[in-house]
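Each chain, written out:
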Amino acid sequence: MKKLFGVLGNPIGHSMSPVMHNDLFSLYNIDAEYLPFLVQEDELRDAVNGLRALGAGGFNVTVPHKSSIIPFLDEVDELAASIGAVNTVVNKDGKLIGYNTDGLGFLKGLDAYINKIEGQKILVIGAGGAARAIYFTLAKEKPMQIDIANRTLEKAVQLIEECPYSISSKALTLKDASSELGEYDLIIQTTMIGMEPNITEQPITLEYLRENSVVCEIIYNPLETRILREAKSIGATVQNGIDMFVYQGALAFEKWTGIFPDIQRMKENVLGQLG
Ligand code: ATR
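Rules behind the numbers
Residues numbered from 1 in each chain as written. Predicted model: local features only at pLDDT ≥ 70, side-chain atom pairs only at ≥ 80, totals over all residues. Near = placed C-beta within 6 Å. Helix = DSSP H or I, 4+ residues; strand = E, 2+ residues; numbered from the N terminus. Nonpolar A, V, L, I, M, F, W, Y, C, P; charged D, E, K, R; others polar. Domains from an automatic or database assignment. Contact = placed C-beta atoms within 7 Å. Pairing = 2+ DSSP bridges. Axes fitted to C-alpha atoms, helices over the stretch in contact; angles between N-to-C directions. UniProt positions renumbered as here; feature names shortened; annotations may be inferred. Buried ≥ 20, exposed ≤ 12 C-beta atoms within 10 Å, placed from the backbone.

All right, on to the site of the ligand then. The immediate surroundings of the ligand are formed by 16 residues, with Gly128, Gly129, Arg151, Thr152 and Thr191 found nearest. When residues of the shell around the ligand are assigned to their parent elements, the largest contribution, three residues, is made by helix H5 (residues 129–139). Grouping the amino acids of the shell around the ligand by side-chain chemistry returns six nonpolar, eight polar and two charged.

Take a look at the structure:
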């Protein structure tokens, strides 16, 4: 019998996950279908129970439900619980188990850009949900240091205080991060600056960026944000958000099917959808 998978969110119409996962189901001859589900906040509990009742194999969760879904699940793994957000749910014999593959997806995508995370001095720009998933996941990997720069300094301070893994960290203003940029091996931009409608903005200045640094973005639409364009012109290595998106999906697919899918094919699929 065909297995049901999907993604719950609001809005959901532009999600690229259905095409990406359905292509993988057909590639690996799995009789399953992945659908987008538009779910209102006050109907989230019913939606989750409905998917459980229908015997769905699993599903993804996106904005704005990643945190509010937690009480409706039967179990949440340790990393997702510490992040306080779930993006992937697996139905294990009727029990819905929540995971977070966003941070791990980012980490896997980094493999092609840096040798190892140990010894790296990292700057995370932003202190929202995406920054939290990336910061906690990277902190577990024991780099030398991870600092957080944010427009609202208190939020960066709070994020550092809440990290359950022991890591050397300090909170910075965006201005201080700009002037100390030469210190960092890896810079990760996690805010929505660079995306519509903030397409011409960038959160920090790059005057002190080192040529041998790596600058990563979580945004993939547009593929090249202003910060990546400038970083590239300085000679730094840049990575857009496609890798994180594709790897978070690959890790979810692996949890549902036991197969780690063809990343290159997924990337081409997503790039094709972006047009
Ligand atoms: P997400 O879950 O996508 O990370 P979020 O939790 O709303 O979204 O977090 C948004 C992040 O982008 C925050 O770090 C926010 O900074 P504040 O904590 O000061 O609000 C940052 N951000 C959003 N718009 C910004 C802007 N115009 N300038 C600087 N930072 C911005």
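Now that the structure is up, let's keep going.
Attention now moves to the domain arrangement of the protein chain. Taken domain by domain, the protein chain comprises domain 1 (3–100 + 243–274) and domain 2 (104–240). Distance from the C-alpha centre of domain 1 to the C-alpha centre of domain 2: 26 Å. Taken residue by residue, the interface counts 13 residues in domain 1 and 16 residues in domain 2. Looking at the side of domain 1 that touches domain 2, the element that brings in the most residues is helix H9 (residues 242–257), giving six residues. In the side of domain 1 that touches domain 2, the residues fall into eight nonpolar, three polar and two charged.

Ordered by their spatial adjacency, six strands build an open sheet running E9-E8-E7-E10-E11-E12, and the pairing between neighbours is parallel. Of all the strands in the sheet, just strand E9 (171–172) and strand E12 (237–239) have a single pairing partner and so form its edges. Relative to strand E8 (residues 145–149), strand E7 (residues 121–125) runs parallel, the two being bridged by five bridges. Within E8, the residue paired with Ile122 across the bridge is Ile146. Packed on one face of the sheet, helix H8 (residues 226–234) meets strand E10 (186–189), strand E11 (214–217) and E12 and runs near 165 degrees to E11.

The next subject is the UniProt feature "active site" (unreviewed entry) in the protein chain. Annotation from UniProt places "active site" (unreviewed entry) at Lys66. Within the secondary structure, Lys66 sits in the loop between strand E3 (58–61) and strand E4 (75–76). Residue Lys66 is classed as buried on the basis of its C-beta count, with 24 C-beta atoms lying within 10 Å. Leave out the neighbours within four places in its chain, and Lys66 touches Val61, Ala85, Val86, Asn87 and Gly129.

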